[in-house]
Each structure stands twice: as C-alpha cells, then as structure tokens.
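Listed below, chain by chain, are the residues.
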Amino acid sequence: QVSRATTSLSVAANASTYAYGATATVTAHLGTTYNGRTVSLYATPSGGKKTLVKTGTVDSKGNLTATYKLVGNTTFTASYAGDHRYAPATATRTVSDQVKVAQALSGYYTTTTYSGTTYRVYHHTVRPTVTTTVSPNKSGQCVHFQVQQYYSGAWHTLSTSGCFTLGSKSTVTARLSLSHAVNQKFRVRSEYVHSSKDTTNVSTWGGWQYLTVRT
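Here the residue numbering is sequential within each chain, running from 1 through the sequence in written order. Confidence filtering applies because this is a predicted model: local features only for residues at pLDDT of at least 70, side-chain atom pairs given and counted only at 80 or more, and all residues used for totals across whole chains, interfaces and linings. Values shown for side chains rest on all heavy atoms present in the structure; no hydrogens or waters enter the calculation.

## Quick notes on the overall build of the chain
The cut-off we apply is this: Each helix corresponds to a stretch of at least 4 residues labelled H or I by DSSP, and each strand to a stretch of at least 2 residues labelled E; elements are numbered beginning at the N terminus. Any two residues having at least one pair of non-hydrogen atoms within 4.5 Å are treated as being in contact. Values of accessible area rely on a 1.4 Å probe in the Shrake-Rupley scheme; residue burial ignores everything except the protein chains shown. None of His or the chain ends enter the tally, which takes Lys and Arg as positive and Asp and Glu as negative. To locate a charge, the coordinates of NZ of Lys, CZ of Arg, CG of Asp or CD of Glu are taken.
Of regular secondary structure, the chain possesses zero helices and 19 strands. The principal-axis extent of the C-alpha atoms belonging to the chain is close to 85 × 35 × 25 Å. In the chain, once contacts between residues fewer than 6 apart in sequence are set aside, the share between residues at least 24 apart is 64%. Summing over all exposed atoms, the chain offers an accessible surface of approximately 11400 Å²; the carbon and sulfur share of this is 47%. Averaged over its 20 positive side-chain charges, the chain has a centre that lies 11 Å from the centre of its 5 negative ones.

Written out as structure tokens, the structure is:
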C-alpha cells in the first residue's frame, strides 16, 4: 500500500471580526490534486452545531466561495475527501461576531446641530441619562460608559466607568455628572465587555452620541 500525497487546503474569510447580523464571505482554496476537486464548507457557531454551508467543485483557481449569516463567533471548516493519489485534508478559520449596542439619551429639551452633527441640549440643572441595550440578550454581563469633552480642538476622555451590569432585558441605565458643563460639548458611548462566560460574541463599542449644556 502506497501512502497518498498531501495537498494544501486553506479557508479564509473576508474579515476577522463582523458587526452584529453581518454575513461572512468564506473561501476555501484547494491545491494540487489528481481527480478529486470537490470541497465542502461547514460552519460551527460557538455553542452550536456544525452545519454544511456548501459543497461544490472548486473553480479554475482552486477556490470555492460561500456566504453565511453569523449568529455568533463561528469556526469555518473546509474539508476535502481526497482522491486516488491525494489524501483527505481539512482546514479551519475562526471569526468573531460583535453584538449590537443601542444607546439612547433622555432628559434633553431640544436638539441642535454643530458641523452636521446632532447634539442633545440639556439644562444645566439636569443630569443626562443614557440607556444602553445589548442584542442578543447579555443579562448579567458588563457595560462601560465613556464620556469625552471637546476642547482645544480635540476630544478628550473625561471618564470611563466601571462595570454596569445588564439587567434581565439586557438593558442598563446610567446618569452622567458633568461639572462646569455650561456651553461645553460632550459625547458619550457604551462598550459591551464580554466575560469568560460569554463565548458567543466579542466586546463591542457602540456609536457616539453628542450633547451640550445650556443655562
């Protein structure tokens, strides 16, 4: 019995980290073979089952491409069954999936625009309230809040909070304390910070929301 030769097999994705709900494009590449050119692509979401995404004959460049809508951190596996002269082969690639961080400011009385950016406007006697909701549900995990102030032509970080624990509906609320704030510009954002208990998604920053304070 003669042992079969080995061929190269790899799997690549069009990104290493994806936004929540994104679709990954995955490509398997098969090297030299004899008479077998069929490759199968599988997806295994973190904590989920391995499922077949696509089986097919690679193109003239040795590639087989498929798309897959992510539901969490996912490992993609390319599998080649082998042929008369070349041995079977497998290759894997793991990609990360972010969460959706939705943030809402409340307590403002109007809005205004500076350089095309919308700012919530607060009376100086009101403490702005920011509510963050994370999808999918991450109850018990942490959110950090970061506040920046604009001065000297740039944004400067005033504070980054400790852990605010997400409630049963994956929501948490914080109140901002801004000193010497009248006529100043601020912005706030939230970060979902995953712990070792969450293997499904990675830490994710939400977008900035802008506010200013008037008398």
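## Description of the nonpolar core
Condition: Definition used in this section: a nonpolar core is a set of buried Ala, Val, Leu, Ile, Met, Phe, Trp, Tyr and Cys residues joined via side-chain atoms within 4.5 Å. Any residue under 20% of the maximum accessible area for its type is buried, any over 50% is exposed, and the rest in between are partly exposed; the area is computed with a 1.4 Å probe on protein chains only.
If you look at the biggest cluster of nonpolar residues, it comprises 23 residues, and the most contacted ones within it are Leu9, Val11, Val39, Leu41, Leu70, Phe76 and Ala78. Looking at this core, the elements that each hand over two or more residues are strand E1 (9–13), strand E3 (23–30), strand E4 (38–45), strand E6 (63–69), strand E7 (74–80) and strand E8 (89–97). In this structure, phenylalanine 76 is in contact with Val11, Ala24, Val26, Tyr42, Ala43, Tyr68, Leu70, Ala91, Thr92, Arg93 and Val95, ignoring residues within four places of it in sequence. Counting 19 residues, the second-largest nonpolar core is a separate cluster that includes Tyr122, Val172, Val188 and Val213.

## Topic: the sheet that holds E7
Pairing between the strands of a sheet comes from backbone hydrogen bonds, and it takes one of two forms, parallel or antiparallel. In plain terms, the rule: Strand pairing is defined by DSSP finding a minimum of two bridges between the two strands.
Read from one edge to the other, the open sheet built from five strands follows the order E2-E8-E7-E4-E5, with strand pairing classed as mixed. Each edge of the open sheet carries a strand with a single partner, namely strand E2 (17–18) and strand E5 (51–57). In terms of strand pairing, E4 meets E5 through six bridges, oriented antiparallel. Bridging across to E5, leucine 41 finds its partner in lysine 54.

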